[in-house]
Amino acid sequence: MKKLIIALSLLVFAAVFSACGPTPEQGVAYNDAIVDEQELVMDKINAVYEAMKNYENVSGMDQALTAAQQQAKAGLENVQKMDDFDGNTDFRDAGVKLFEIYKSVTMNELPQIVEIYKLPQEQYTQEKADEVDKLIEQSTKKMDEGMAAFQQVQDAFGAKYKFTFETKSN
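Described below are features of the structure shown in this document.

### Structural notes on the pattern of salt bridges
At step 1: The full count for this structure, using the stated rule, is eight salt bridges.
At step 2: For the salt bridge of Lys141 with Glu145, the shortest nitrogen-to-oxygen distance reads 3.9 Å. Placement of both Lys141 and Glu145 in helix 6 (residues 126-160) is noted, with a separation of four residues, approximately one turn of the helix.
At step 3: Judged by its relative accessible area of 48%, Glu145 is partly exposed.

Okay, here's the thing in structure tokens:
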């Protein structure tokens, strides 16, 4: 009888514990896993723009672009591999969509911008400068819209699992 009571007590405890769902700390850790990947990608994308400041360093621009492309691909793969959270994939899926945008920008707009920046000074015309501006505007808009959609899902995730986001200051 004593064994039966202990077994039933363990079952009740397990049922009550699992009914509570994930803790806010687990939600934060899941959020941070996606955000950490995002920061790695954005650091590499920013490094491309930094490298373009020295337009004479063609190999530096190429290296920064390759690093951004590799990081965007790796970030997308890492987020895609994440498990669901509490039986739901909405937040992960929103992260995947954002990383698909990052990958698209690093494979489309950024290479075009870098190629224009690598042109000899005499070939860098106003038309080319306007093209760069258009590509930067286009890529920024894509990333901003992707980030806004991601943040909506992120905010709902934080509200559901009872945690708030702290803004990092650089």
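Don't stop here, the text continues.
### Focus: unusual backbone geometry
At step 1: The backbone of Asp86 sits at a positive phi, close to 55°, despite the residue not being glycine.
At step 2: Non-glycine residue Lys162 carries a positive phi angle of around 60°.

### Regarding the layout of surface pockets
At step 1: Taken as a whole, the second largest pocket encloses approximately 150 Å³ of empty space.
At step 2: Residue lining of the second largest pocket: Tyr30, Phe85, Asn88, Asp90, Phe91, Arg92, Val153, Ala156, Phe157, Lys160 and Tyr161, and that is the complete set.
At step 3: Listed by contribution, the elements that provide at least two residues to the lining of the second largest pocket are helix 4 (90-107) and helix 6.
At step 4: Residue composition of the lining of the second largest pocket, by class: seven nonpolar, one polar and three charged.

### Considering the packing of aromatic side chains
How two aromatic rings sit relative to each other is set out by the distance from centre to centre and by the angle between their planes.
At step 1: Using the criterion set out here, one finds 11 aromatic pairs in the structure.
At step 2: On the numbers, 5.8 Å between centres and 35° between planes, the contact of Tyr30 with Phe157 is tilted. Residue Tyr30 is found in helix 2 (residues 24-52), and its partner Phe157 is found in helix 6; the two are separated by 127 residues along the sequence.
At step 3: Note on Tyr30: relative accessible area 10%, which makes it buried.
At step 4: Phe157 sits in the buried class, given a relative accessible area of 7%.
At step 5: Taking 5.8 Å as the distance between ring centres and 80° as the angle between the ring planes, the aromatic pair formed by Phe157 and Phe163 counts as edge-to-face. Taken individually, Phe157 and Phe163 each receive the classification buried, so the pair is uniform in this respect.

### Thoughts on the packing of helix 4 against helix 6
At step 1: Interaxial distance between helix 4 and helix 6 falls to 9 Å at its minimum, and their mutual angle equals 170°. By the criterion of interaxial angle, the relationship of helix 4 to helix 6 is roughly antiparallel. For the pair helix 4 and helix 6, contact is made by Asp90, Phe91, Ala94, Gly95, Leu98, Ile101, Tyr102, Ser104 and Val105 and by Ser139, Lys142, Met143, Gly146, Met147, Phe150, Val153, Gln154 and Phe157, respectively.
At step 2: Each residue belonging to the contact of helix 4 with helix 6 can be placed in one class, and the counts come to 11 nonpolar, five polar and two charged.

### Quick look at a negative patch on the surface
At step 1: Taken together, the side chains of Glu127, Asp130, Asp133 and Glu137 make up a negatively charged region of the molecular surface.
At step 2: Mapped onto the elements, Glu127 comes out in helix 6.
At step 3: Its relative accessible area of 62% is what places Glu127 among the exposed residues.

### Remarks on the side chain of Gln154
At step 1: Along the chain, Gln154 turns up in helix 6.
At step 2: The exposure class of Gln154 is buried, given its relative accessible area of 8%.
At step 3: With residues near it in sequence (within four places) discarded, Gln154 still touches Asn31, Val35, Phe91 and Phe165.

### Here's the deal with the environment of Ala94
At step 1: With respect to the element layout, Ala94 can be found in helix 4.
At step 2: For the pair Ala94 and Val153, spaced 59 residues apart in sequence, the C-alpha separation works out to 6.8 Å.
At step 3: Excluding anything up to four places from it in sequence, Ala94 contacts Phe150 and Val153.

Basis of the calculations
Residues numbered from 1 in each chain as written. Predicted model: local features only at pLDDT ≥ 70, side-chain atom pairs only at ≥ 80, totals over all residues. Heavy atoms only, no water. Salt bridge = Lys/Arg side-chain N within 4 Å of Asp/Glu carboxyl O. Helix = DSSP H or I, 4+ residues; strand = E, 2+ residues; numbered from the N terminus. Buried < 20%, exposed > 50% of the residue type's maximum accessible area, 1.4 Å probe, protein only. 1 Å grid on protein atoms, 1.4 Å probe; cavity = no way out; pocket = protein on both sides within 12 Å on 5 of 7 lines; lining within 4 Å. Points joined across faces, edges and corners; volume = space filled by probe spheres on them. Nonpolar A, V, L, I, M, F, W, Y, C, P; charged D, E, K, R; others polar. Phe/Tyr/Trp six-rings, centres within 6.5 Å; stacked < 30°, edge-to-face > 60°. Axes fitted to C-alpha atoms, helices over the stretch in contact; angles between N-to-C directions. Parallel < 35°, antiparallel > 145°, perpendicular 65-115°, else oblique. Contact = heavy atoms within 4.5 Å. Patch = residues over 30% accessible without salt bridge, like charges linked within 9 Å, V, L, I, M, F, W, Y side chains within 5 Å. Areas by Shrake-Rupley, 256 points an atom, 1.4 Å probe, with all protein chains shown as cover. Lys, Arg positive; Asp, Glu negative; His and termini not counted. Charge placed at Lys NZ, Arg CZ, Asp CG, Glu CD.

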